[in-house]
Amino acid sequence: MLFPHFPGQALEAQQIENSSDLQLTLPNITFTKTNFTSSSFTIRGIGDLCVGVSCDQATAIHLNDQPLFSTRLFETEFFDLERVEVLRGPQGTLFGRNATAGVVNVVTAKPKMGVFQASGDAEYGNYNAIKVKGMVNVPIGDNIAFRGAGVYVKRDGYTTNLNGGPKLDDRDLYSIRGSLRFEPSADTTIDLYASYFREDDNRMRIQKQYCQRDPTGILGCLNSSRNAESFNANSTFTAALSSKEFLATQGIPTAFALGSLYGPDQYSGISIPADSRTVNTAFTPEYFTSELTFQGKIEHDFGPISAQLSGTYQKVKLDSRQDYNNNIGRRDIYAPALNTLAAAAAGLIPGLPAAYFAPLAAAIIPNGPNGVLCTSDTDTIGLGSFGGNSNCATTPLQYDRSNQTNSSWSAEAIISSDFDGPFNFLVGGIYADYHLTENSYYVNAFAIDYVTGLLGSFTSLANAANGVPPSFLGTPYFRNNTDDLTVKSYGLFGEVYFDISDRLKLTGGLRYNDDKKRVQARSTLASFLVPYAQTTNAFESPFVGSFDADPGTPGNQIFQNRQVKQSAVTGRAVLDYKITDDNLVYVSYSRGYKSGGLNPPLQPIFAVPEAFASEQVDAFEIGSKNSFGDGALQLNLTAFYYKYKDLQLSKIVARTAVNENIDADIYGAEVEAVIRPDPDWLINMGFSYLHTEVKGDTFNSDPRDFGGARSDAVIIKDITNASNCAVASGSGNAAGVNAFVNTINGAINAGLVPGLAAGAGLQPTVAFPANGGIASTGAFGICGVLQAAAAGAFAGAGVDPAAFGGIEYYSAGIPKNIRGNQLPQAPQYKFSAGVQYTMNFDNGMSLVPRVDLAYTGESFGSIFNGNVNRIKGYAQANAQMQLNGTDDRWYVRGFIQNIFDSNAETGLYVTDQSSGLYTNVFTLEPRRYGIGAGFKF
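Residues numbered from 1 in each chain as written. Predicted model: local features only at pLDDT ≥ 70, side-chain atom pairs only at ≥ 80, totals over all residues. Heavy atoms only, no water.

**Student:** Lay out the state of the cysteines in plain terms, naming residues and giving numbers.
**Tutor:** Here is the idea: a disulfide is a covalent bond, and it sits between the sulfur atoms of two cysteines. Scanning all chains against the criterion turns up three disulfides. Through a disulfide, Cys-374 is tied to Cys-392; the S-S separation comes to 2.0 Å. Because the torsion about its S-S bond is 105 degrees, the bridge between Cys-374 and Cys-392 counts as right-handed. A residue pair is termed long-range when its members are at least 10 positions apart, and Cys-374 in strand β18 (residues 373–376) and Cys-392 in strand β19 (residues 390–393) qualify at 18 residues. When its relative accessible area of 2% is taken as the criterion, Cys-374 is described as buried. A sulfur-sulfur distance of 2.1 Å marks the disulfide that ties Cys-725 to Cys-783. Looking down the S-S bond of the Cys-725 and Cys-783 bridge, the torsion is -100 degrees, so its handedness is left-handed. (Disulfide = S-S within 2.5 Å. Helix = DSSP H or I, 4+ residues; strand = E, 2+ residues; numbered from the N terminus. Buried < 20%, exposed > 50% of the residue type's maximum accessible area, 1.4 Å probe, protein only.)

**Student:** Residue-level account of the sheet that holds strand β48 (residues 905–910), with values.
**Tutor:** Strand order in the open sheet formed by three strands is β14-β49-β48, and the pairing between neighbours is antiparallel. With one partner strand each, in any of the chains shown, β14 (208–210) and β48 form the two edges of the open sheet. Across the sheet, the axes of successive neighbouring strands diverge by a mean angle of 30 degrees, strand direction being ignored. Where β48 lies against strand β49 (residues 919–923), five bridges are found, and the strand directions are antiparallel. Bridge pairing in β49 links Leu-908 to Val-921. (Pairing = 2+ DSSP bridges. Axes fitted to C-alpha atoms, helices over the stretch in contact; angles between N-to-C directions.)

**Student:** With reference to specific residues and values, describe the pairing of strand β43 (residues 846–856).
**Tutor:** Relative to β43, strand β41 (residues 829–837) is paired through seven bridges, and the arrangement is antiparallel. In the sheet register, Gln-836 faces β43, and the bridge partner there is Arg-850. One ladder, built from two bridges, connects strand β42 (residues 839–840) with β43; its direction is antiparallel. Residue pairing across strands places Met-839 opposite Leu-847, the latter belonging to β43. Hairpin connection from β42 to β43: five residues lie between these consecutive antiparallel strands, with Gly-844 at a positive phi of about 90 degrees. One ladder, built from eleven bridges, connects β43 with strand β46 (residues 874–884); its direction is antiparallel. Of the residues in β46, the one forming a bridge with Arg-850 is Gln-880.

**Student:** A description of the environment of Ser-731 should follow, citing residues and the corresponding values.
**Tutor:** Looking at the element boundaries, Ser-731 is found in the loop between β36 (724–729) and α7 (734–749). In this structure the C-alpha to C-alpha distance between Ser-731 and Gly-805, which are 74 residues apart in sequence, comes to 5.5 Å. Here Ser-729 takes part through its side chain, which lies 3.1 Å from a polar atom of the side chain of Ser-731. (Polar contact = N/O pair within 3.5 Å; in protein donor to acceptor, adjacent residues only side chain to side chain.)

**Student:** Can you explain the packing of α7 against helix α8 (residues 783–790)? Please cite residues and give values.
**Tutor:** Interaxial distance between α7 and α8 falls to 10 Å at its minimum, and their mutual angle equals 120 degrees. What the angle tells us is that α7 and α8 run oblique. In this structure, α7 meets α8 at a crossing whose hand is right-handed. Residues Phe-740, Val-741, Ile-744 and Ile-748 of α7 pack against Val-785, Leu-786, Ala-789 and Ala-790 of α8. (Parallel < 35°, antiparallel > 145°, perpendicular 65-115°, else oblique. Left-handed = near helix turned anticlockwise from the far one by under 90°. Contact = heavy atoms within 4.5 Å.)

**Student:** Describe α7, naming the residues involved and giving the relevant values.
**Tutor:** For α7, which comprises 16 residues, the first-to-last C-alpha distance of 23 Å matches the rise-based estimate of 22 Å (1.5 Å per residue) to within 8%. Along α7, the positions that sit buried rather than exposed are Gly-736, Val-737, Asn-738, Phe-740, Val-741, Ile-744, Asn-745, Ala-747 and Ile-748. Each element contacted by the buried residues of α7 is listed here: α3 (244–249), β35 (713–718), β36, β38 (777–781), α8 and β39 (807–810). By the N-cap criterion, in which a side-chain oxygen at the helix start approaches the backbone nitrogen of a residue two or three places on, α7 is capped by Asn-733, the distance to Ala-735 being 3.2 Å. Positive phi shows up at Gly-751, right after α7, with a value of about 75 degrees. (Expected span 1.5 Å × (residues − 1).)

**Student:** Could you give an account of unusual backbone geometry, with specific residues and numbers?
**Tutor:** Geometrically, the link from Gly-474 to Thr-475 is a cis peptide bond, its omega value of -5 degrees lying close to zero. Residue Asn-128 is not a glycine yet carries a positive backbone phi of 50 degrees. The residue Asn-128 is located in the loop between β8 (117–125) and β9 (129–139) in this model. Phi at Asn-326 is positive, roughly 50 degrees, even though this residue is not glycine.

**Student:** Tell me about the side chain of Ser-489, and please be specific about residues and values.
**Tutor:** Turning to its location among the elements, Ser-489 is positioned in strand β23 (residues 478–499). Separated by 3.5 Å, the side chain of Ser-489 and the backbone oxygen of Asp-514 make a polar contact. Excluding residues within four positions of it along the chain, Ser-489 makes contact with Arg-97, Ile-430, Tyr-431, Ala-432, Asn-513, Asp-514 and Asp-515.

Following this line, the structure appears as structure tokens:
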């Protein structure tokens, strides 16, 4: 009755090779990669839906009972493990850090005294996949032993690049581990542990992008389905700021425009391969990660009292780059503007001194307008291509980068009792210190370099009389940078156990947790002038004083600094009753807590909370654990109800993950069984039902639909920054709000708005396609002007909002009620079954075939639900056959994983409005098959 604990042999038999595979056999468990190089391990509908450096894990990850921070444990393969434990429900009164969803605890195999052991395994499969694992256990005297183990994995990629070259999404990794056990006496055990993991390959972090193309360009993608269509690039930051419409408002000659917001976009006529493992990219992905871990533990028995002291040190590095759009855009629409730039750089345009344009041309078109196009590299000093740090190609490149460096340590002490009487206890404490010294998310594109250089050149030229030299706008790429994060956390916890009778037992536990978080961060993109001649860090520019990372604090700040402190008392109570020695029923109540955090700086600024609250869940559970027929049937039955307060959810706003809080109810049931009709048969089965819903009236704005499904709203694409906003009629008058927007845009076109030149040519509001899932109309415009007009502060056109039925302005979109919506990554049904049979031969050998099947039901990838966010249910089947030698000293096996070659999606996320609102999806690995052989003695 220990499941869901997986001993090492069970992991191998069920082909559970990594953390992702655990979802294929456990009820109410899902796993998916998510945005910004993270992942979510969801238990009973509770997962890591919070995105950001200050987010805690809902599912705590432990190694040998000790917590890990920002671990890359999900990246590696399992090897030489004693077991993997998956504990469901709120945790924290026994060990480690608190968690609301549960705990995944990976327990490595420990050295054994007085015996020499070794094992090895080699595997070869399709995609030229090679996997080698090994272990050696060496006794050193009578009371010391060493155990070393490692794994190496290398394979070709799964993903075809239509642009040529080797397949993408390969793997090249290794992990090594050493353990030392010292037993100076019968009552004392000392364990020391060290491991190192490293991966360096071209694995794709963003696998595939889908879109229902928006022909208007106001959204980029529509709101009904995920199709194999390119998004409309006129919705992006670069298209907006390089458009003739925007340049006209700035008094810049429109001959410099890369295009028009109403004309062909960079992806017009560019097809998207429907296959989820086929892309078209000119930028080869780069993926690197490493993790160094040290652990120590000392345990000593003082008679009936046991004490242990343990600690962990961990250092993690991560760096990933790849094509931001997984597609190659058109170059031809840029040609007129590049010719104009080359002419200006040569001094051929009257009134435009070459000194202000030659540095731009030299940086991004060094061989002229028909040569290569150079895009800023993701440097850390903010100069990019204007400091000689660039990547050049014949096509316009766009790529992003996610990187992180952090270290952490923790120390834990536990005292427990083993008295003969009815009362026992456990008491402990833990202190953890986490320090992140670099976390950045970059977006680089040729058009960003062009825009930041062009606008910088014209701005500095306009201020030349004030001594401003030729300059660009830094940074010439988007960078959301957490420069420093510290988390200091301690917890005091304990449990008491009281045997009320021989069959009835009461367990009570409490935990106090205290968390302090301090963040230093900033977000930059075309934020301040930097002289072209500057060679040092962009933030040493003489004009950096115009940049303010923290508008909420008086004065201009280079960084935004925030801190938050939270604490909570949680606990649990469990009543167990043994009907027989093999049958137990229980009821339990537990409260879980996950600390809140700080949202990163936004660009542009929107009205969102600086901090998000801590989570709290009250979990009620009833269950039964049973063994029948001397172990022929093990059966676990569980039902649960969770009342969730302030669940943390993330969405992309202003190019940044912003976290908010909602309330939710969750309930469900699980059935798990292991059947052994005779010693040669083994059958395992699992089933789960899960119901999740947002509780109470909860209003939230959907990034895909800023109009909030209202027909009397107009969604605006801001031509100054490519963000969206919305306006609506207070009286529900759709005609009035359309007329209001058209009147204001007319004022902009006529040059009646202070600071904006005439000639923008903004067009009237337009309806979105009928099948697009957008009830509102849309238009290109300037949100700030509309906001002022709606507030009655804009007199330039003599506009009275009341004359149009009253106008309401929404900077972050019109909220809609999401009451009753399902939580993301929470499939209603899951089912799994596995069967294996051992055929024993007279010579001592055996043949063991095994088949596993898992079905995961439909779910949603976003709290807003709807067809566009639907993740279809999928099945995955694995099979293997293993021939074991006499006394199990050697074996040979053949295997196949994902028999149906399913590319089923496990998760998704929606990108920012200034990027086009396309959907990134993550899928299962394709069919893999091969042979392997191993030995052990």
